[in-house]
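Here's the letter readout for the chains.
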Amino acid sequence: MSSPSFANPLLNPPARPLPRHVAVIGAGSIGPDIGYYLKSALPGLELTLVDLQQAALDAALARFQGYADKAVARGKMKAADAQAVLAGVRGTTDYDAIAGCDWVVEAATENLALKRRIFADVEARVAPDAMITSNTSSLPAARIFSGLREPRRATVTHFFAPAWRNPAVEVIDWPGADPALVAHLRRLFCETGKLPLVTSDAPCFMLDRLFDTWSNASARRRGRAAASAIDSVAADYVQAGPFFVLNLAKGNPIIVETNTLQADEEGEHYRPASIFRSVDRWVTVGPGQRIEVAGDVAADVRDRLLGVLFSQSVDILDRGIGSAADLDIGCRIALGFKRGPLELMRALGEQETARVLERFVRERPGMPAPRRALADYQRFERHVLVDDVDGVKVITLRRPEAMNALHDEMTDEILDVIRRHESDDAVAGFVITGYGTRSFCAGADIGRFPSMLGDADASAPYARDCSRLLVHLDAMSKPVVAALNGMALGGGFELAMRCDAILATRDAWMQLPEVTLGILPGIGAMVVPYRRWPQASAVFDGMLLRAERLKAARAHELGIVEALAGDAQSLVAAAVARVRELARAPRKRPVPDSAVALPPFSGEIGAGADGKTLSRATLALMQDAIRAAAAAPTLAEALEAGYLAFGASACTAAAREGIAAFHERRSPDFGRTG
Ligand code: COA
């Protein structure tokens with residue numbers, strides 16, 4: 001693969017403008033969903049759906065209307081926005097309608113000859129530089145596009161169901177493609193809320209290679225266990241077992257196609273099980289359901305499922321088909337795995353992983369075995385991307401499934417990157433930013449809270465422990481600049497406020513929503529703002545006690561945000577320049593050590609910015625903690641007051657209610673808990 005560009009797609013300069021007119025060819029199951037994603041992300045876009053069947057086009061347009069109606073009914077979209085999404089969409093059976101498109105996405109049947117015919121028709125009608133992409137899940141780009149006059153503007157963009165919502169898209173970096181095209185598609189997808197995963201041009205690319213062989217291995221194991229038993233065992237690893245997914249996607253013929261392709265290219269061991277040709281629907285269990293499976297059968301099936309998964313994973317990495325981080329995140333996001341294969345291997349340990357792999361390769365001769373020591377496959381950053389821009393390390397938080405929320409492992413990765421480069425003279429300092437355009441960081445990972453709630457011995461140490469990165473930032477010798485590319489919530493804002501400077505895009509905003517969850521922002525927010533920006537203490541009162549939002553422009557006026565930028569690329573460029581400037585002088589600690597006099601709290605206390613009643617217990621703990629922290633003679637003592645107060649808040653009935661309400665997607669009832 002040739003990917004000299006930055007790991008964070010938005011750091012690459014735009015090679016083309018955003019598309020204005022896109023045609024999607026094929027109004028079957030996935031084509032219209034791709035179109036709907038594009039229209040939701042770029043409502044001004046003109047979208048032409050092309051199909052030979054008028055009925056398919058009518059159904060596609062009805063689907064658009066249905067999605068938009070649902071989004072409005074659920075409050076996810078305003079009625080006017082829905083209208084914009086639906087405007088400028090047309091269905092046609094006439095290929096001539098694609099003239100003038102700057103991007104044509106093909107989502108027709110998985111058939112090489114058909115696709116080549118379609119692309120010949122497309123190329124005859126669009127400009128020589130219009131982008132052309134295929135949504136094939138298996139056919140190599142070199143084969144599809146080799147007949148084009150201008151193949152450099154063509155590649156595969158492989159979406160995952162449901163394509164209007166599933167963020168994963170494989171972008172194939174094949175030798176015939178212009179590297180600028182791949183960089184542009186990565187950027188375009190990242191900007192429009194997708195997660196582009198670059199893979200090489202191997203048959204089935206990265207993720208379907210896993211899914212197809214996982215399905216094939218499952219079908220081959222049916223001599224030992226029924227489909228429902230296999231799906232029940234698979235439920236330990238995936239949201240839905242292979243047979244359930246095959247039913248859902250009517251996937252048996254596709255597995256025959258793709259595994260035959262792999263078998264023809266890479267060896268007989270990939271040949272699809274013959275049962276795929278005779279079975280239409282599998283009798284199996286749905287997600288969340290299981291049948292009882294005898295211990296020895298379950299163990300056998302588990303070994304087979306993990307064996308194929310691990311064997312394919314090491315092969316993907318050994319052949320450079322995709323990267324380790326993309327493999328793990330792609331399996332979770334695109335294929336519904338509970339954990340990525342490398343994470344699973346790490347959790348099982350080397351000995352058990354080696355046993356599973358050895359057994360699998362022994363029983364299925366020809367299947368790939370690891371070519372390196374197992375530990376070697378685990379050396380990669382899982383949750384951050386690291387780029388070198390002009391001698392500055394740009395760390396991008398990348399957990400799109402949780403709006404880049406921070407958890408222990410991500411915290412440690414950031415800390416590791418900083419420690420690794422801190423004493424390197426070639427590195428001026430660091431920028432921390434978030435992946436995409438929507439979120440810098442949505443705070444601490446709420447999913448991990450419940451285990452600590454109510455445990456007084458665990459909760460204050462938890463906050464102290466979560467602070468390890470921030471305490472390091474306080475004292476390090478190289479500058480760190482936060483580049484807020486979107487919302488910075490809770491712990492995300494707490495991270496930014498410990499950096500030497502905060503820069504933000506114009507539409508970024510900050511919020512401390514903890515009080516609405518019945519807890520306190522325990523790793524600095526009750527301490528640092530009052531010491532660092534005393535001129536804005538009334539604003540921080542509102543943020544802490546009412547969860548009021550602070551827009552970047554207002555934060556700039558108040559001196560909290562140093563500078564505003566128009567987009568992520570100029571934001572990071574400005575942040576890099578700021579790091580280099582700061583690096584010229586010895587670093588001053590960003591947060592003052594001394595106590596600060598607090599004015600009385602401003603504004604009404606009792607309800608949040610949204611008018612909903614807050615917890616009296618949480619608010620009382622918060623006010624006490626803010627006052628104690630302000631009076632503490634050193635920063636360390638002030639922070640300690642915050643950890644203890646967080647610990648106390650985590651043991652209240654309000655915290656239990658607030659966190660449960662977030663998980664259950666409802667409003668908390670603090671009137672009941674106090
Ligand atoms: N921890 C873990 N997961 C988080 C998260 C966090 N702090 N913030 C968002 N997510 C997850 C959501 O659970 C959701 O996951 P799902 O798709 O599996 O259900 C996903 O990110 C998208 O969030 P969603 O709420 O569907 O998007 P939205 O656009 O409606 O709202 C937010 C976005 C950020 C405003 C909302 O998610 C939110 O309020 N998050 C909590 C922020 C917070 O309180 N942070 C401080 C924590 S101490």
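The structure we're discussing is the one just above.
Note that this is a predicted model, so its numbers are computed, not measured.

S.K.: Sorry if this is basic, but what is going on with the side chain of D51 here?
M.R.: Here D51 is to be found in the loop between β2 (46-50) and α2 (54-73). Buried D51, no salt bridge; nearest opposite-charge side chain is R63, N-O distance 9.1 Å. Within the structure, D51 has its side chain in polar contact with the backbone nitrogen of A27 (distance 2.6 Å). In terms of polar contacts, D51 uses its side chain to reach the backbone amide nitrogen of Q53, at 2.9 Å. If we skip the residues at most four places from it in the chain, D51 touches G26, A27, G28, A56, L57, T92 and T93.

S.K.: Sorry, what's going on with the side chain of S134 here?
M.R.: By the element assignment, S134 lies in strand β5 (residues 131-134). A polar side-chain atom of S134 sits 2.6 Å from a polar atom in the side chain of E106. Excluding residues within four positions of it along the chain, S134 makes contact with E106, K115, F119, I144, F145, T155, V156, T157 and H158.

S.K.: Just to check I follow, could you spell out the sheet that holds strand β17 (residues 550-551) for this structure?
M.R.: Strand pairing in a sheet takes place through backbone hydrogen bonds and is either antiparallel or parallel in direction. With mixed pairing, the four strands of this open sheet are ordered in space as β12-β14-β16-β17. Looking at the sheet topology across the chains shown, the edges are occupied by β12 (439-441) and β17. Of the pairings in the sheet, the one linking strand β16 (residues 509-511) to β17 comprises two bridges and is antiparallel in character. From the neighbouring strand, M510 faces β17, where its bridge partner is L550.

S.K.: What should I look at first to understand the site of the ligand in this one?
M.R.: Taken together, 18 residues surround the ligand, and among them R438, A442, A444, I446 and R665 come closest. K76 places a side-chain nitrogen or oxygen 3.3 Å from an oxygen atom of the ligand. At a separation of 2.6 Å, an oxygen atom of the ligand approaches a polar side-chain atom of R438. When isolated, the ligand has an accessible area of 860 Å², and the protein chains bury 68% of it. Those elements that place two or more of their residues in the shell around the ligand are β14 (487-489) and α20 (514-517). Among the residues forming the shell around the ligand, the class breakdown is 12 nonpolar, no polar and six charged.

S.K.: Before we go on, may I ask you to explain the environment of C331 in this structure?
M.R.: Tracing the sequence through the fold places C331 in helix α13 (residues 324-335). Judged by relative accessible area, C331 falls into the buried class, the value being 0%. In this structure, C331 is in contact with L207, L210, D326, G336, F337, G340 and P341, ignoring residues within four places of it in sequence.

S.K.: Hey, could you run me through empty space enclosed by the protein in this one?
M.R.: Gaps left between atoms show up when a probe the size of a water molecule is rolled over them. All chains considered together, the criterion is met by two cavities of 30 Å³ or more. Considering only enclosed or pocket space, the largest cavity measures out at about 50 Å³ in volume. What lines the largest cavity is A325, D328, I329, R332, E343, F380, R382, H383 and E409. Ranked by the residues each element gives to the lining of the largest cavity, the list is headed by α13, at four residues. The calculated volume of the second largest cavity comes to roughly 40 Å³. Lining the second largest cavity are T213, N216, A217, R220, H269, V308, F360, R364 and M367. Looking at the lining of the second largest cavity element by element, the count peaks at four residues for helix α7 (residues 207-220). Residues belonging to the lining of the second largest cavity are distributed by class as follows: four nonpolar, three polar and two charged.

S.K.: Help me understand helix α4 (residues 112-123), please; the structure alone is not making it clear to me.
M.R.: Residues spaced three or four apart along an α-helix point in a common direction, a consequence of the helix completing one turn every 3.6 residues. In this model, α4 (12 residues) spans 16 Å end to end at C-alpha, consistent with the 16 Å of a helix rising 1.5 Å per residue. Residues K115, I118, F119, V122 and E123 constitute the buried set of α4. What you see down the axis of α4 is that its buried residues fit within an arc of 130 degrees, all on one side. Where α4 is buried, its residues touch β1 (21-25), β4 (103-106), β5 and α5 (141-145). Its side-chain oxygen at 3.0 Å from the backbone nitrogen of A113, N111 defines the N-terminal cap of α4.

S.K.: Could you clarify how one ought to interpret the packing of helix α25 (residues 616-631) against helix α26 (residues 635-650) in this entry?
M.R.: A packed helix pair is summarised by two numbers, namely the angle formed by the two axes and the spacing between the axes. Two elements in contact, α25 and α26, have axes whose closest approach is 8 Å; the angle formed by their N-to-C orientations is 170 degrees. As summarised for this structure, α25 and α26 are arranged roughly antiparallel, according to the angle between their axes. Seen along the crossing, α25 lies across α26 with a hand that is right-handed. Contacts between α25 and α26 involve L621, A625, A628 and A629 on the former and, on the latter, A638, A641, A645, A648 and S649. Of the residues in the contact of α25 with α26, the class split is eight nonpolar, one polar and no charged.

S.K.: Which parts of the structure should I look at to understand helix α9 (residues 242-249)?
M.R.: Burial in α9 covers these residues: P242, F243, L246 and N247. For α9, the arc enclosing every buried residue in end-on projection is 140 degrees, short of the 170-degree limit, so these residues lie on one face. The inward-facing, buried residues of α9 abut α7, α8 (227-234), α10 (252-266) and α11 (275-278). Looking one or two places after α9, you find K250, whose phi comes out positive at around 45 degrees.

S.K.: What is the right way to look at the pattern of salt bridges in this model?
M.R.: As a working rule, side chains carrying opposite charge can pair if their charged atoms are close by. With the rule as written, the count across this model stands at 49 salt bridges. One network of salt bridges, in which partners are shared, links R221, R224, D300, D303, R304, E352, R355, R359 and E363.

Definitions and cut-offs
- Per chain, the residues get numbers from 1 upward, laid out in the order the sequence is written.
- Per-residue local features of the predicted model are confined to residues with pLDDT of at least 70, and side-chain atom pairs are confined, for both listing and counting, to 80 or more; whole-chain, interface and lining totals are unaffected and use all residues.
- Side-chain measures here rest on the full set of heavy atoms in the structure, leaving out hydrogens and waters.
- Runs of H or I in DSSP of at least four residues are treated as helices and runs of E of at least two as strands, each being numbered from the N terminus.
- Per-residue accessibility, obtained with a 1.4 Å probe over protein chains only, is compared with the maximum for each type, and a residue is labelled buried under 20%, exposed over 50%, and partly exposed between these values.
- The positive count covers Lys and Arg only, the negative count covers Asp and Glu only, and His and the chain ends enter neither.
- By convention in these notes, a salt bridge is any Lys or Arg side-chain nitrogen within 4 Å of a carboxyl oxygen on Asp or Glu.
- Polar contact is the term for a pair of N or O atoms within 3.5 Å; when the atoms are in protein, one must be able to donate a hydrogen and the other to accept it, and sequence-neighboring residues count only if both atoms are side-chain atoms.
- It only takes one pair of heavy atoms within 4.5 Å for two residues to be counted as in contact.
- If DSSP finds at least two bridges between two strands, the strands pair.
- When at least one non-hydrogen atom of a residue lies within 4 Å of a molecule or strand, that residue is treated as near it.
- Where accessible areas are quoted, they stem from the Shrake-Rupley method and a 1.4 Å probe; at the residue level, only the protein chains shown are allowed to cover.
- When residues are sorted by character, Ala, Val, Leu, Ile, Met, Phe, Trp, Tyr, Cys and Pro go into the nonpolar class, Asp, Glu, Lys and Arg into the charged class, and all the rest, Gly among them, into the polar class.
- Using only the protein atoms, space was sampled on a 1 Å grid; points where a 1.4 Å probe fits but cannot get out form cavities, open sets with protein on both sides within 12 Å along at least five of seven lines form pockets, and lining residues are those with an atom within 4 Å of a point.
- Grid points are joined across faces, edges and corners, and a volume is the space filled by probe spheres set on the points.
- Helices are assigned an expected span. That span is 1.5 Å times one less than the residue count.
- This arc describes the spread of directions from the helix axis toward the C-beta atoms.
- Think of each axis as a best-fit line through the C-alpha atoms, taken over the contacting stretch in the case of a helix, with angles from 0 to 180 degrees between the N-to-C directions.
- In what follows, roughly perpendicular refers to angles from 65 to 115 degrees, roughly parallel to angles under 35, roughly antiparallel to angles over 145, and oblique to any angle outside these ranges.
- Rotating anticlockwise by less than a right angle from the far helix to the near helix defines a left-handed crossing, while the corresponding clockwise rotation defines a right-handed one.

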